Amino acid sequence: MAVTASLNIAEARLRARSRLPRGLFEYIDRGTEDETGIATSRTALDGLVFKPRVLVDVSKRDATTRLFGVSQPMPLVVAPTAVAGLVWYDGEVELAKAAAAVGIPFCVSTQSITSIERIAGESGARLWFQLYVWRKRERALELVRRAERAGAQALVLTVDTAVTPNREYNIRNGFGIPIKPSLRAGLDCLAHPRWFAGVFAKYLRNGGVPTYAHYPEEFRTALGRVAVGDEISLAQDVGWDDVRSLRDAWKGKLILKGVLRADDAERAAELGVDGIVVSNHGARNLDHAIHPVRCLADIAERVGDRVTVLADSGVRRGSHVAGYLGLGAQGVLLGRSVLYGLATGGAAGAQAVLELVRRELLTTMGFLGAPTVADITGTVERPR
């Protein structure tokens, strides 16, 4: 289908809001509790201060970078997001196709609707796999083995979700994980007929209500039927010993996502972790958690010579990507922004957002006097 490109992420967000049911849109868009973290994220990123170089030849700007030894056209990764398959029919496959089209990795979520095997087979993307650890560790290790067999190049262990976040709007909207059917949620879906016909009804016609493709067989029922909170231990009893076990079990790149302290980053490096994502989970977990802009430079200085440092949370502009890179990140993960594009155009919509961010990044590099990504170093003022 033809996709009318948005001029910026804010416009893509508005289009997604008009198409998606309120419960689903707010699930991917909002934060937690009083959402102070959402406001802080905007303030932190909008407060980035650049120190541009002048009289530099920027006629041939190049956003190419290397992540874990692999060259790619831009320093971006599509972040793992739960239930992207509800945003668009076969949403995870579509996101992976978008990532493949622009030559960057796509990180498959433990809570995706589509299996990593199918995503790998249909997208041709360079895949990473995000892991939540099950209370019975053998279940987690089986997921690790599945990811390895499917060709995933990196394992991303989420470490910042020790307990279930307090997202009150999900209760009001009748939407959450697991999804619990309600009259309000049903009316919400029917009020968005394009989404209902193109996504949910299509699932019903082609096999029934979606399920979590990476859950153990005994829990792989229609979304919302079985609560598995007592079985899936996001990080509540996960410790550094589990990191050691995963390091032994996983031969590819091992990344910890959700690190906000330099001492935790150093411990990860000591255990042989290959990378970390400096992230506050997009302000979706702990309200008032420090924003990556505030701690990234310190973490990069401490461990950047030993591990690959990535960052995410709140990116709305290519200039935000440049800010993260200038503070020490080697790559940036995009979550919400790519989902906005997915919601209105599938793979083409997601790809349009990725290309939009790349264009904005190249524009920012031109003004910074940075013809390459490496040249961004030294052009961003460290927050005080």
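For the structure, check the block above.
Report follows, based on the coordinates. Source: prediction; values computed, not measured. (Residues numbered from 1 in each chain as written. Predicted model: local features only at pLDDT ≥ 70, side-chain atom pairs only at ≥ 80, totals over all residues. Heavy atoms only, no water.)

## Considering the pairing of strand 10 (residues 331-334)
Right, so step 1: Side chains of strand 10 alternate between two faces, with Gly331 and Leu333 and Val332 and Leu334 buried alike.
Right, so step 2: Pairing analysis gives three bridges linking strand 3 (residues 76-78) to strand 10, with the strands arranged parallel. Across the sheet, the residue bridging to valine 77 is leucine 333, located in strand 10.
Right, so step 3: Examined bridge by bridge, strand 9 (residues 308-311) and strand 10 share two bridges and lie parallel to one another. The partner of alanine 311 across the bridge, within strand 10, is valine 332.
Right, so step 4: The handedness of the strand 9 to strand 10 crossover, carried by helix 14 (residues 318-326), is right-handed. (Buried < 20%, exposed > 50% of the residue type's maximum accessible area, 1.4 Å probe, protein only. Helix = DSSP H or I, 4+ residues; strand = E, 2+ residues; numbered from the N terminus. Pairing = 2+ DSSP bridges. Right-handed = clockwise from strand over helix to strand, strands pointing away.)

## Some words on the pattern of salt bridges
Right, so step 1: Summed over all chains, the structure comprises 28 salt bridges.
Right, so step 2: Salt-bridge contacts for aspartate 237 lead to arginine 137; the nearest nitrogen and oxygen are separated by 3.4 Å. One end of the pair, aspartate 237, is in the loop between helix 10 (193-205) and helix 11 (240-249); the other, arginine 137, is in helix 7 (residues 137-149), with 100 residues separating them in the sequence.
Right, so step 3: When its relative accessible area of 36% is taken as the criterion, aspartate 237 is described as partly exposed.
Right, so step 4: Since its relative accessible area comes to 25%, arginine 137 is described here as partly exposed.
Right, so step 5: The network of salt bridges with shared partners includes Glu266, Asp298, Arg302, Asp305 and Arg306. (Salt bridge = Lys/Arg side-chain N within 4 Å of Asp/Glu carboxyl O.)

## What to know about helix 11
Right, so step 1: For helix 11, the full list of buried residues reads Asp242, Val243, Leu246 and Arg247. Summarising the axial view, the buried residues of helix 11 lie within an arc of 145 degrees, below the 170-degree limit, and thus occupy one face. Within helix 11, the exposed residues directed more than 90 degrees away from the buried face are Asp241 and Asp248.
Right, so step 2: Tucked into the core, helix 11 has its buried residues touching strand 5 (127-131), helix 7, strand 6 (154-158) and strand 7 (253-259). (Arc of directions from axis to C-beta. Contact = heavy atoms within 4.5 Å.)

## Description of a nonpolar patch on the surface
Right, so step 1: On the surface, Leu183, Leu187 and Leu190 cluster together into a nonpolar patch covering about 350 Å² of accessible area.
Right, so step 2: Here leucine 183 shows up in helix 9 (residues 183-190).
Right, so step 3: What makes leucine 183 exposed here is its relative accessible area of 66%. (Patch = residues over 30% accessible without salt bridge, like charges linked within 9 Å, V, L, I, M, F, W, Y side chains within 5 Å. Areas by Shrake-Rupley, 256 points an atom, 1.4 Å probe, with all protein chains shown as cover.)

## Details of the layout of surface pockets
Right, so step 1: Empty space within the second largest pocket amounts to approximately 620 Å³.
Right, so step 2: As for the second largest pocket, its lining consists of 29 residues, and the residues nearest its centre are Val159, Asp160, Thr161, Ala162 and Gly258.
Right, so step 3: Broken down by secondary-structure element, the contributors of at least two residues to the lining of the second largest pocket are helix 11 and strand 7.
Right, so step 4: Here the lining of the second largest pocket gets three residues from one element, more than from any other, and that element is strand 7.
Right, so step 5: Among the residues forming the lining of the second largest pocket, the class breakdown is 14 nonpolar, ten polar and five charged. (1 Å grid on protein atoms, 1.4 Å probe; cavity = no way out; pocket = protein on both sides within 12 Å on 5 of 7 lines; lining within 4 Å. Points joined across faces, edges and corners; volume = space filled by probe spheres on them. Nonpolar A, V, L, I, M, F, W, Y, C, P; charged D, E, K, R; others polar.)

## Focus: helix 15 (residues 336-368)
Right, so step 1: Along its 33 residues, helix 15 runs just 26 Å from first to last C-alpha, ending more than 12% under the 48 Å computed at 1.5 Å per residue.
Right, so step 2: At glycine 345, helix 15 shows its largest kink, close to 145 degrees.
Right, so step 3: Taken across its 33 residues, helix 15 has 24 buried, putting it largely inside the fold.
Right, so step 4: Just beyond helix 15, the residue with positive phi is glycine 369, at close to 70 degrees. (Expected span 1.5 Å × (residues − 1). Bend = angle between axes of the 7 residues up to and from the residue.)

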